[in-house]
Amino acid sequence: MSKGRVWNKGKRNGGGGPAPGTSYKEKLEATLKEKGKYVEVIDLKNPINQVKQMNRDNWVERPVRVIGQKPKV
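In this text the structure is predicted, and so the values were computed from the model without any measurement.

Visitor: How would you explain the overall build of the protein chain if you had to name every residue and give the values?
Guide: Looking only at helices and strands, one finds one helix and zero strands in the protein chain. Considering the protein chain as a whole, with its 73 residues, one finds that 3% of them fall into the buried category. In the structure as shown, the protein chain presents an accessible area of about 8200 Å², 54% of it carried by carbon and sulfur atoms.

Here it is, written out as structure tokens:
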């Protein structure tokens, strides 16, 4: 089978995915522009907008604060 003739084209064999301009975010942005409203589309490919696991290798353990209590007489 050649690359273009598989029945289940996916992201690994050259096909699949919505056509340009037909994704939900692009359609929403186009309809809101027609109405004259502004919407900000967040680019998740930007590393600033991504949520990653925290690096806990350099954490510092701080001692617990001891509160002195007076003995009861």
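Visitor: Which residues make up the pattern of salt bridges, and what values go with them?
Guide: If you walk through the whole model with that rule in mind, you get one salt bridge. For Glu29, the salt bridge goes to Lys33, with nearest N and O atoms at 3.7 Å. Pair noted here: Glu29 and Lys33 are both in helix α1 (residues 24-35), with a separation of four residues, about one helical turn. Residue Glu29 is classed as partly exposed on the basis of its relative accessible area, which comes to 27%.

Visitor: Run through α1, naming residues and quoting values.
Guide: The terminal C-alpha atoms of α1 lie 17 Å apart, and with 12 residues this matches the ideal 16 Å at 1.5 Å per residue to within 8%. Once α1 finishes, Gly36 follows within two positions and takes phi at roughly 90 degrees, a positive value.

Basis of the calculations
- Residues numbered from 1 in each chain as written.
- Predicted model: local features only at pLDDT ≥ 70, side-chain atom pairs only at ≥ 80, totals over all residues.
- Heavy atoms only, no water.
- Helix = DSSP H or I, 4+ residues; strand = E, 2+ residues; numbered from the N terminus.
- Buried < 20%, exposed > 50% of the residue type's maximum accessible area, 1.4 Å probe, protein only.
- Areas by Shrake-Rupley, 256 points an atom, 1.4 Å probe, with all protein chains shown as cover.
- Salt bridge = Lys/Arg side-chain N within 4 Å of Asp/Glu carboxyl O.
- Expected span 1.5 Å × (residues − 1).

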